[in-house]
Amino acid sequence: MIGKKDLEHIGWLARIELSDEDKEKYTPKLNSVLDYFSELDKAETEGVEPTYHVLPMSNVFREDVPTASLSQEEALSNAPKNQHGFIKAPRMM
Amino acid sequence: MYENPDGVMIGLEVHVQLNKLKTKVFCGCSTDYHNDPPNSHVCPVCLGLPGSLPVINRKAVEAAIKIGLALNCKVEEHTQFYRKNYYYPDLPKGFQITQYDFPISSGGYITIEGEDGELKVGITRAHMEEDPGRLVHEGTIDKSKYTLIDYNRSGMALIEIVSDPDMRSPKEARRYLDKLRNIVEYLDIFDGDLEGALRVDANISIMGGQRAEIKNISSHKGAERALLFEIVRQKNVLRRGGVVVQETRHFDEAREITISMRSKEEAHDYRYFPEPDLVPLKISGWAPAIKATLPELPDARRMRFVEQYGITDDHAKALTSELKLAIFYEDVAKKADPKMAAVWVCDVLKGELNYRDLTVDAFKKENMQKIIELLASKKITEDGAVDIIRTLLDKGGSPDEIVKEKGLLKVEGDIVATAAEEAIKENQQAVADFRAGKEKALNSLVGAVMKKTKGRADARTAREMLLEKLG
Ligand SMILES: [Zn+2]
């Protein structure tokens, strides 16, 4: 069961601010998702190889040959702030 | 037997950047960004823009296998990538592509010079991951107001090499780092001179307590300093009756201290899950062919040097401790007496280079060959040879020119004999002292001979002649 504390932690990890109203709304929703997983847990998996990847493929490679990069101007165009070619962000500790 | 009085246990995580590749690990951006402006070697993949698709660089996988094999690891049958989720500005995607429970190689070891002889340090795993971007802070990390980000480094191929906690002192940790760096240099997959080529995180505990993880160590010397500081800090905590808590600490290189990074993020909640955009790799079959192409590694070369050139193990060890030096020595030894070459390269040249903070690139092998030839034919003295080496490093020129300019050609034996006779005549007090048993008095007589011959006599010859005449 997910409680209010868990929801706050998940919100913090995703850097999403949750109002009390949000918390009321999302706690039962997430719990119903978890309930569904408990359904899946009932499936018999003894001796079944875990599926790490849904595509039946392995060994897809790229050769070590350079391709064009973006220009600095393009690279910075999505950043709210920049300075001397750097992206500028609030300090995080 | 080393007692390890403080019960120190050190494990290291070393990040080796595969900066000799032409492109990053999951995109085609060039790795040649070191002299270019920030954010000029980036694309949708390494900026983590929505809809972009990473594809792995085949050469990066080959290099990872090379490292695994060189560290005596097993190359795994099945290997795959994961997303390690955390929120920090060096990661534009909000996660780092790395490996988790299926690393490309694991279970190896390297041997180092331990506190009490040879020490085998276990390699837990060597796995592949992408480098985060570079953050620049104005002032120190704990005071700066904002962060400047350059994503040129983002997506560079990294190999993270995780050791077992087998090291028992900061010195052993440093030797491990030296050895590891030496090995990867031999593999020709990384240029250690480039900024950020090799980065270290250290885990250290004492007395069976909790471990602290120290981040932001950028040099081998820094690692030793950070660990020395950390041992003292943890001992002080215990002495005051406290408990060492498990935490991440940041090494402040300038102040030589570690700082706690206490934060909510401390409760590591990386929520690893398989990277859906990268399919698994099944490449253990590549290992035999790659193994066949591995170059001779430091330990093997050291043994061969002893056997092939008849030099001491200490010299062989010193010569193979740096790839460039080993190649230099072998080039010199091809055309000069190998034993003399070992002595002069290890015991003299290396010291003179260290003193000037130079690498062996600063010295021409032809010059070393010439100097040894002059010594072997007894045309110059050992002091003269040292003088030539210093002059070449400080002013340049050629050995022949320097010999001529400085008049370093050794003087003939009879001139030394004459000088010795004169020295004895003119220094009766020293002679009397020597005869009275003061052996040191001989040194002043040798000095007098050297003065008379303007330093061109061989000191050992002068000493022998004096002894003969005083007989
Ligand atoms: Zn890119």
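First, a word on what this report is: a plain description of the structure on this page. (Residues numbered from 1 in each chain as written. Chains lettered and ligands numbered in written order. Predicted model: local features only at pLDDT ≥ 70, side-chain atom pairs only at ≥ 80, totals over all residues. Heavy atoms only, no water.)

Moving on, we come to a nonpolar patch on the surface. A contiguous nonpolar surface patch, about 490 Å² in accessible area, is contributed by V33, L34, Y36, F37 and L40 of chain A. On the basis of relative accessible area, V33 of chain A is assigned to the partly exposed category, the value being 42%. (Patch = residues over 30% accessible without salt bridge, like charges linked within 9 Å, V, L, I, M, F, W, Y side chains within 5 Å. Areas by Shrake-Rupley, 256 points an atom, 1.4 Å probe, with all protein chains shown as cover. Salt bridge = Lys/Arg side-chain N within 4 Å of Asp/Glu carboxyl O. Buried < 20%, exposed > 50% of the residue type's maximum accessible area, 1.4 Å probe, protein only.)

Distances from the zinc ion to its protein donors, namely C27 of chain B (SG), C29 of chain B (SG), C43 of chain B (SG) and C46 of chain B (SG), fall within the range 2.3 to 2.4 Å. One way to put it: the four donor atoms around the zinc ion meet at angles of 100 to 116 degrees, and that makes the site tetrahedral. (Donors = N, O, S within 2.8 Å, 3.2 Å for Na, K, Ca; no water. Tetrahedral: all angles 85-135°; square planar, octahedral: opposite > 155°, others 65-115°.)

It is worth spelling out the sheet that holds strand β12 (residues 212-217) of chain B at this point. Residue and element names in this part refer to chain B. Judged by pairing direction, the sheet is mixed, and its nine strands sit side by side in the order β3-β6-β7-β10-β1-β11-β12-β13-β14 without closing on themselves. Taken across any chain shown, the strands that pair with only one partner, and hence form the sheet edges, are β3 (74-75) and β14 (257-260). Bridge count for β12 against strand β13 (residues 247-252) is four bridges, and the pairing is parallel. Looking across to β13, one finds that A212 is bridged to E247. Against the sheet, helix α1 (residues 58-70) contacts β3, β6 (105-114), β7 (117-130) and β10 (157-163), and its axis sits at roughly 20 degrees relative to β10. (Pairing = 2+ DSSP bridges. Helix = DSSP H or I, 4+ residues; strand = E, 2+ residues; numbered from the N terminus. Contact = heavy atoms within 4.5 Å. Axes fitted to C-alpha atoms, helices over the stretch in contact; angles between N-to-C directions.)

The next subject is the side chain of H220 of chain B. Along the chain, H220 of chain B falls in helix α3 (residues 220-239). Side chain to side chain, H220 of chain B and D178 of chain B meet in a polar contact 2.6 Å long. (Polar contact = N/O pair within 3.5 Å; in protein donor to acceptor, adjacent residues only side chain to side chain.)

Within the structure shown, the criterion is met by ten aromatic pairs over all chains. Ring centres of Y270 of chain B and Y272 of chain B lie 6.0 Å apart, and the angle between their planes is 80 degrees; on these two criteria the pair is classed as edge-to-face. Taking the relative accessible area as the measure of exposure, Y270 of chain B reaches 21% and is therefore partly exposed. Here the aromatic rings of F305 of chain B and Y329 of chain B are separated by 5.3 Å at their centres, their planes lie at 55 degrees, and the arrangement is tilted. Linking F305 of chain B in helix α5 (residues 298-309) with Y329 of chain B in helix α7 (residues 323-335), this pair joins segments that are 24 residues apart in sequence. Residue classification places Y329 of chain B among the buried positions, given a relative accessible area of 0%. Here the aromatic cluster, defined as three or more aromatic residues joined through ring pairs, consists of Y82, Y86, Y100, Y270 and Y272 of chain B. Over the face of the ring belonging to W12 of chain A we find R15 of chain A, whose NZ or CZ atom lies 4.1 Å from the ring centre. The residue whose ring lies beneath K88 of chain A is Y146 of chain B, and the NZ or CZ to ring-centre distance is 4.1 Å. (Phe/Tyr/Trp six-rings, centres within 6.5 Å; stacked < 30°, edge-to-face > 60°. Lys NZ or Arg CZ within 6 Å of the ring centre and 35° of its normal.)

Attention now moves to the pairing of β6 of chain B. Residue and element names in this part refer to chain B. The element β6 is largely enclosed, with a buried count of seven among its ten residues. Pairing of β3 with β6 involves two bridges; the strand directions are antiparallel. Residue pairing in the sheet places V75 in a bridge with S105 of β6. Note: β6 against β7, nine bridges, orientation antiparallel. Note on β7: the bridge partner recorded for Y109 is G122. A loop of two residues connects β6 with β7, the two strands running antiparallel in sequence.

Size of an interface: often given as the accessible area lost when the parts come together. The interface of chain B with chain A comprises 62 residues on the first partner and 36 residues on the second. Together chain B and chain A conceal approximately 4,100 Å² of surface at their shared face, both sides included; 61% is due to carbon and sulfur atoms. The salt bridge partner of R58 of chain B is E63 of chain A, with a shortest N-O separation of 2.9 Å. Counting across the chain B and chain A interface gives 23 residue pairs in polar contact (both at pLDDT 80 or more). For the side of chain B that touches chain A, the elements supplying multiple residues, two or more each, are β2 (56-57), α1, β8 (134-137) and β9 (146-150) of chain B. Ranked by residue count, the leading element in the side of chain B that touches chain A is β9 of chain B, at five residues. Among the residues forming the side of chain B that touches chain A, the class breakdown is 35 nonpolar, twelve polar and 15 charged. Both strand β3 (residues 86-90) of chain A and β9 of chain B contribute to a ladder of four bridges, which runs antiparallel. Counted as the bridge partner of K88 of chain A is L148 of chain B from β9 of chain B. (Buried area = accessible area lost by both parts, 1.4 Å probe. Nonpolar A, V, L, I, M, F, W, Y, C, P; charged D, E, K, R; others polar.)

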